[in-house]
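Listed below are the residues making up each chain.
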Amino acid sequence: MTSTLLLFLLHTLLATVIVLPLPSPAEAYDGQWQLLQKSIGIVAMHMQLLHNDRVVIFDRTDFGFSNLSLPNGRCRHDPNEMAVKTDCSAHSVEYDVASNTFRALFVQTNVWCSSGTVAPDGTLVQTGGFNDGERKVRTYNPCPTCDWKELEGALAARRWYATNHKLPYGRNIVIGGRRQFNYEFYPKNDASAKNIYSLPFLVQTNDPRVENNLYPFVFLNVDGNLFIFANNRAILFDYTKNLVVRTFPNIPGGDPRCYPSTGSAVLLPLRNLQQPEAEVLVCGGAPRGSYEKVQKGEFLGALNSCGRIKITDPNPNWVMEIMPGARVMSDMVLLPNGNVLLINGAGSGTAGWEFGRDPVLNPFIYKTNSPIGSRFEVQNPSSIPRMYHSTAILLRDGRVLVAGSNPHVGYSFSNVLFPTELSVEAFSPSYLEPGLSSMRPMIVSPNSRTQNITKLKYGEKLKVQFKVTGVLSQHMVSVTVLAPPFNTHSFSMGQRVLVLEPSNVTVVEDTRYEIEVTTPDSPILAPPGFYLLFVVHVEIPSEGIWIQIL
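Source: prediction; values computed, not measured.

Taken across its five residues, strand E39 (residues 496-500) has five buried, putting it largely inside the fold. Taking every second residue as pointing to the same face, both faces of E39 are buried, with Arg-496, Leu-498 and Leu-500 on one and Val-497 and Val-499 on the other.

What follows covers the packing of aromatic side chains. For any two aromatic rings, the description comes down to two numbers: the centre-to-centre distance and the angle of the planes. According to the stated counting rule, one finds 30 aromatic pairs in the structure shown. Ring centres of Phe-217 and Phe-491 lie 5.2 Å apart, and the angle between their planes is 40 degrees; this geometry places the pair in the tilted category. Of this pair, Phe-217 sits in strand E16 (residues 217-220) while Phe-491 is found in strand E38 (residues 491-493), placing the two residues 274 residues apart along the sequence. Neither Phe-217 nor Phe-491 differs from the other in exposure class; each is buried. Arranged with centres 6.4 Å apart and planes meeting at 25 degrees, the rings of Phe-219 and Phe-227 form a pair that is stacked. Judged by relative accessible area, which is 2%, Phe-219 ranks as buried. Taken together through their ring pairs, the aromatic side chains of Trp-112, Phe-130, Trp-160, Tyr-161, Tyr-215, Tyr-259, Trp-353 and Tyr-388 make up a single cluster. Over the face of the ring belonging to Trp-112 we find Arg-60, whose NZ or CZ atom lies 4.6 Å from the ring centre.

What follows covers the state of the cysteines. As enumerated under the stated definition, the model contains three disulfides in all. With its sulfur 1.9 Å from that of its partner, Cys-143 forms a disulfide with Cys-146. Judged by the sign of its S-S torsion, about 110 degrees, the bond between Cys-143 and Cys-146 is right-handed. With respect to burial, Cys-143 and Cys-146 carry one shared label: buried. A disulfide bridge connects Cys-283 with Cys-306, and the sulfur atoms are separated by 2.1 Å. Between Cys-283 and Cys-306 the sulfur-sulfur dihedral comes to about 115 degrees; the bridge is accordingly right-handed. Of this pair, Cys-283 sits in strand E21 (residues 279-283) while Cys-306 sits in strand E22 (residues 305-310), placing them 23 residues apart in sequence.

Calculation criteria
- Residues numbered from 1 in each chain as written.
- Predicted model: local features only at pLDDT ≥ 70, side-chain atom pairs only at ≥ 80, totals over all residues.
- Heavy atoms only, no water.
- Buried < 20%, exposed > 50% of the residue type's maximum accessible area, 1.4 Å probe, protein only.
- Helix = DSSP H or I, 4+ residues; strand = E, 2+ residues; numbered from the N terminus.
- Phe/Tyr/Trp six-rings, centres within 6.5 Å; stacked < 30°, edge-to-face > 60°.
- Lys NZ or Arg CZ within 6 Å of the ring centre and 35° of its normal.
- Disulfide = S-S within 2.5 Å.

And the structure:
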């Protein structure tokens, strides 16, 4: 029985003498899997949910043909391509969550191991890649017939395995990449602006044999500076002055956590927004030396530890925790109730072609606010290994979309240990249990339709009406807002959850209630753009609605 269900029953007993029946064993489960598509024709190496409830998915372009043709006889002609010069297959799709359908998109240059974020107006801004794509910026505007647009000369440096983050006033910072110990901004202020800024921290954390500082973990702190974690070290960085504000202690054990020793990380939900504290959680990875050993056929067991650090403390220290099992190449997805889902990945080896073994099929739930030692819950397993180049993102209905996995140079479906995976699944966390439906909030207003998105200003009061058919525990109601991230290579760029504490909860009629909250008062806390808003009751979230904070 899940802790969410136990919490629900406890509060029900405290609120009323009526004892509700326990759900049947079939209803008391630890997550549920659903196969959505056997094949979308491409590997989901990169994914981003947009505010029209569609997910943009793309792979690299330099391996040959995918299993999805471009429509209307369209072909990609690229004399710089390293595989085929004329390619009539798609390497990107748009997946429609509501209809469970997808359509092919056209991408011209190589987006392999690239990065991205979403602009305040909802446009996907995607940067870099490999070969002829390494200095490109591509944009995707959400609309039923839209396609990729490519911008020439938009990046000052090659960006391959870089990390992006949206800044408080809407610009995009692009940090690092292979042999790039620097950062830049997009868009540029003007043609005369300095284009590349040195970041010596990336030199200091670079092991030339392994480059264990690629795809660094980057989070916007509540003071406006950036927390940057690379290899096994972290700094607080003032990007406006190109200045290291603080150097944090190394994560205990000294093992690398960034690509290719790929662990993952999240900024835990921000609460008490008038005086917020910020904590970062880093989980999994591979022991030092794993990358060298795996090339000799020796697959070391992955790391089973997580480190948690309060980066707003005057003297912060890492607190280490042990997961139920070891994980490398896992994704960490922030859930609407503030907990963290660890999903996908392997039990040994590292990231890289053919370098992972022992797929980890069971997701873990990390209970953010539970006492240390009791924070992990093991969920039901998938039947599909999700190894190198797999992805996972949260959907508006609370499910997690899971796709990808291709540890091969090309698409290989037979006579290999882990076949190329073109399928798409949905994982439903335990808060979607049917037995909890009476306690699940349903937002009545603002309107949840994507064509009528509520626009809000900073520090604005918002009244949210919702229904709960069961007994409401008023002191267990909150509102969360979540920034959907750009997910690739086990890291979700720009992922962010804020908890809006309610000023009051009032009864409107019978099972209908109203809660009043205030939006964050600063773009440092919530950079401008689209967010998903949820009402959460006894850790059970509603379906989300889209809002735009500007």
